Amino acid sequence: MAREDAGRELREEFNKWAEAGRGEGMEQDHLPITLPVLEKMKVGSEENLLDVGCGSGWLSRRLAKMAPGGRVVGMDISDEMIRAARRASTEQENLLFVTGEASEIPWEPNFFHQAISVESAYYWPEPAAGIHEMFRVLRPGGAAWVVINYYRDNPHCHQWGALLAVKTHLLLAEEWMQMFREAGFGEVREERVADASATPEKYTGRWFRDAEQLKAFKREGALVVAGRKK
Ligand SMILES: C[S@@+](CC[C@H](N)C(=O)[O-])C[C@H]1O[C@@H](n2cnc3c(N)ncnc32)[C@H](O)[C@@H]1O
């Protein structure tokens, strides 16, 4: 599929998510795997920070509070997500939201001290191009963090691919790390962040077979791949 067609498909799908209010709900789902990463990032109060695939912007707002003297940019392919993010973020002056595709980040090179992406990278039509772009917009010494719950090493999430309306990439941690290395990142590493939130005894959603599978998925945890621009 051509890049523009894939981009249009993603925009239409995630615009529907935004219109259904799903952007806001994702904070609760993704916070348990994101908080430990925020600790690892050791964000400085003057840092410029990028949130790729920011959805309705809850993480960008959190980052803007952590770096009051820096600039925070939330970027997403879905213009409806960006509209929702702007509506919810009128009070933070160091925060800006832009529409854009991960493979063409609409920003100048060497600007950000850190870039993070939560639960987005496996949707990117060309994940390697998105990681290249994160590298380009980071300043030397800057760090990139990709956090995903859908990756091949965790057998308890493979069923998601068939349930999602858009194409996804089910890749190994090693394949993500290789993309980081090929983009030019050094200190490339991977970690797993278990989701320690409580699981109800009965699971009624459609993403997991039952509560046991959900528990196993959360124990295995999210994949965090990180690297530093040399
Ligand atoms: C599951 S949501 C996660 C949103 C947010 N990071 C969060 O944790 O709540 C995935 C987001 O990635 C965005 N996205 C998907 N493909 C993208 C791409 N190629 N470029 C930029 N954003 C993309 C979607 O529009 C959606 O808002």
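That block above? That's the structure.
Residues numbered from 1 in each chain as written. Predicted model: local features only at pLDDT ≥ 70, side-chain atom pairs only at ≥ 80, totals over all residues. Heavy atoms only, no water.

**Focus: the overall build of the chain**
Across its full length, the chain carries eight helices and seven strands. Computed over its C-alpha atoms, the radius of gyration of the chain comes to 17 Å, within 12% of the 17 Å expected for a compact globule of 230 residues. By its C-alpha atoms, the chain is 45 × 40 × 35 Å across when sized along the principal axes. The buried share of the chain, reckoned over its 230 residues, is 55%. Considering only residue pairs separated by 6 or more positions, the chain has 73% of its internal contacts joining residues 24 or more positions apart. If you sum the accessible surface of the chain, you get close to 10,600 Å²; carbon and sulfur atoms cover 49% of it. Side chains of the chain carry 30 positive and 36 negative charges; the gap between the two charge centres is 2 Å. (Helix = DSSP H or I, 4+ residues; strand = E, 2+ residues; numbered from the N terminus. Rg over C-alpha atoms; globule rule 2.2 N^0.38 Å. Buried < 20%, exposed > 50% of the residue type's maximum accessible area, 1.4 Å probe, protein only. Contact = heavy atoms within 4.5 Å. Areas by Shrake-Rupley, 256 points an atom, 1.4 Å probe, with all protein chains shown as cover. Lys, Arg positive; Asp, Glu negative; His and termini not counted. Charge placed at Lys NZ, Arg CZ, Asp CG, Glu CD.)

**Details of the side chain of Q114**
You can see Q114 is positioned in strand β4 (residues 112-118). The residues contacting Q114, other than those within four sequence positions of it, are M41, K42, V43, E47, N48, L49, L50, L138, A143 and W145.

**Remarks on the pattern of salt bridges**
If you walk through the whole model with that rule in mind, you get 13 salt bridges. A salt bridge links E174 to R181, with the shortest nitrogen-to-oxygen separation between them at 3.0 Å. You can call E174 partly exposed: its relative accessible area is 42%. On the basis of relative accessible area, R181 is assigned to the partly exposed category, the value being 37%. (Salt bridge = Lys/Arg side-chain N within 4 Å of Asp/Glu carboxyl O.)

**Thoughts on the sheet that holds strand β7 (residues 222-229)**
Taken in spatial order, the seven strands of this open sheet run β3-β2-β1-β4-β5-β7-β6, and their pairing is mixed. Edge positions in the open sheet fall to β3 (95-99) and β6 (185-193), since each of these has one partner strand only. Going from strand to strand, the sheet's axes swing by 15° on average, the running direction of each strand aside. One ladder, built from six bridges, connects β4 with strand β5 (residues 138-148); its direction is parallel. Bridge pairing links S117 to V146 in β5. (Pairing = 2+ DSSP bridges. Axes fitted to C-alpha atoms, helices over the stretch in contact; angles between N-to-C directions.)

**What to know about the pairing of β5**
The side chains of a regular strand alternate, first on one face of the sheet and then on the other. Of all eleven residues that make up β5, eight are buried, and the element is covered over most of its length. Where the polypeptide runs from β4 across helix α5 (residues 127-137) and back to β5, its parallel neighbour, the crossover connection is right-handed. Where β5 meets β7, six bridges bridge the pair, whose relative direction is antiparallel. Across the sheet, residue W145 finds its bridge partner in β7, namely A226. (Right-handed = clockwise from strand over helix to strand, strands pointing away.)

**Regarding unusual backbone geometry**
Positive phi is not limited to glycine here, since E119 has a value of about 55°. With respect to the secondary-structure elements, E119 resides in the loop between β4 and α5. Relative accessible area serves as the criterion here: at 10%, E119 is assigned to the buried category. One non-glycine residue, E187, lies in the positive phi region at around 50°. For E187, the location among the structural elements is in strand β6. Relative accessible area serves as the criterion here: at 53%, E187 is assigned to the exposed category.

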